[in-house]
Amino acid sequence: MRIALLNGSPKVKNSASGTLLEDLKGYLEQKAEVVNFGFHSAAITEETIGELAKTDAWVFAFPLYVDGIPGHLLSCLVQLEQAQIQNPEMRIYGIVNCGFYEGIQAEFALKILQNWSIKAGFFWGGGLGVGGGGGLSMMPKVEGGKGPKAPIEKALEILSDNILKKEAQDDQYVSVAFPRFLYRLGAQIGWRQMIKANGGKTKDLEKRLVK
Amino acid sequence: MKLIITDLENFQIPVEGEYQVIKPNGDIHHCIGCFGCWVKTPGECVLHDGYEKTGSEMGRCTELILISRCCYGSVSPFVKTVQDRAISYIHPDFVIRKGEMHHKRRYQNVISLSAHLYGENITDVEKETARELMQANADNYDGLVKDVSFYRSIEELEGIVL
């Protein structure tokens, strides 16, 4: 079995989507061949489409942008639909990381991906919405089912089982095992550190260009 | 002011009152996820390609009108990319609304959101997804949904008045 992991983050390195796919790959690669693809811009090459056509399942991972799929990835999906790859056995899975705490906020992005898979003539295998994605790439992996990423790792393990069995799952939603108020506080501290590091002041975060 | 974001290069729909149109005019760069519009040049995207001010233009509008091909229940890649590039309309800090985490307001205007979506074969499921997506957008903008309508063709869409 040949499984394609499609990273739909605009970031080439250090993305939460990449972290999630790496964790998933750890579960998949002992029983299947795994191939990585980067969908970091608004167009994909004919060569990439040709390579994707030779696989059995595609797993998309991408950040939630304005409740949906990032514009550049949506453009790639339109291109893939137009390529008319004839493979009704192709399984499509999706992983959406949300900057918000609640994974359920990925619900509509997964529905859009599901609608696309039907229109493109593929088989929807289900997805996973991950809340608290803002800190994922900085969180260490803790062995023994512990640590803030534990619920996500469990969900990825279940997803990997379903991918390997070529089975579908209902969309699942998880969040980091970290209190929401601390996640919110951590983000607020982070924005203030970032604007100061860029030479700005904390009050600039409030800036209005229109009065 | 009505702010219209559309993928129609030849936009010909009549509009009542004051309005501004953002439509394809040269290449648009996609959002690169840098958060520069929050922490480098707050309120404006750092990518200067003519679409960098949409966030502040949203801060001036009373109505946001999306006119777009319907792609799987989403707006089209162009309209979505403009939306992605305009997250400076909101503030990076989080607030809890309706029990869920969202972003704090930057501006005081309450946006009334409409979507006019066209396409030959929009399924009922895609229509339902689009309605849910627009409500989610309105929740994140801390605004309201005014209307979500579907059209079989651009010609049918051009018969309306905005």
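For the structure given in this document, a descriptive report is provided here. What you see is a predicted model; the values in this text were computed from it and never measured.

Rules of the game
- Residues numbered from 1 in each chain as written.
- Chains lettered and ligands numbered in written order.
- Predicted model: local features only at pLDDT ≥ 70, side-chain atom pairs only at ≥ 80, totals over all residues.
- Heavy atoms only, no water.
- Helix = DSSP H or I, 4+ residues; strand = E, 2+ residues; numbered from the N terminus.
- Rg over C-alpha atoms; globule rule 2.2 N^0.38 Å.
- Buried < 20%, exposed > 50% of the residue type's maximum accessible area, 1.4 Å probe, protein only.
- Contact = heavy atoms within 4.5 Å.
- Areas by Shrake-Rupley, 256 points an atom, 1.4 Å probe, with all protein chains shown as cover.
- Lys, Arg positive; Asp, Glu negative; His and termini not counted.
- Charge placed at Lys NZ, Arg CZ, Asp CG, Glu CD.
- Patch = residues over 30% accessible without salt bridge, like charges linked within 9 Å, V, L, I, M, F, W, Y side chains within 5 Å.
- Salt bridge = Lys/Arg side-chain N within 4 Å of Asp/Glu carboxyl O.
- Buried area = accessible area lost by both parts, 1.4 Å probe.

**Examining the overall build of chain B**
Then, number 1: From N to C terminus, chain B includes 5 helices and 7 strands.
Then, number 2: Here the C-alpha radius of gyration of chain B, 15 Å, is about what a compact globule of 162 residues would show, namely 15 Å.
Then, number 3: Per-residue burial for chain B yields a buried fraction of 63% across its 162 residues.
Then, number 4: Taking all contacts inside chain B whose residues are at least 6 apart in sequence as the whole, residues at least 24 apart take part in 67%.
Then, number 5: Summing over all exposed atoms, chain B offers an accessible surface of approximately 6500 Å²; the carbon and sulfur share of this is 48%.
Then, number 6: Of the charged side chains in chain B, 17 are positive and 24 negative, and the gap between their average positions amounts to 5 Å.

**Let's talk about a nonpolar patch on the surface**
All names here are of chain A.
Then, number 1: A cluster of nonpolar residues, Phe178, Phe181, Leu182, Leu185 and Ile189, forms a patch on the protein surface that exposes about 460 Å² of accessible area.
Then, number 2: Relative to the elements of secondary structure, Phe181 occurs in helix α6 (residues 180-197).
Then, number 3: For Phe181, a relative accessible area of 59% corresponds to the exposed category.

**Focus: the environment of Pro179 of chain A**
Then, number 1: Counting through the fold element by element, Pro179 of chain A comes out in the loop between β6 (172-175) and α6.
Then, number 2: A residue is classified by how much of its surface remains accessible, and Pro179 of chain A, at 38% relative accessible area, is partly exposed.

**Describing the interface of chain A and chain B**
Then, number 1: Counting residues at the interface gives 47 residues for chain A and 53 residues for chain B.
Then, number 2: Of the roughly 4200 Å² buried between chain A and chain B, counting both surfaces, carbon and sulfur atoms make up 61%.
Then, number 3: On the chain A side of the interface with chain B, the three residues burying the most area are Val66, Phe100 and Trp191 of chain A, jointly 15% of the side's total.
Then, number 4: At the junction of chain A with chain B, the criterion picks out 4 salt bridges.
Then, number 5: Those elements that provide at least two residues to the side of chain A that touches chain B are α3 (71-83), α4 (107-119) and α6 of chain A.
Then, number 6: By residue number, the principal contributor to the side of chain A that touches chain B is α6 of chain A, which donates 9 residues.

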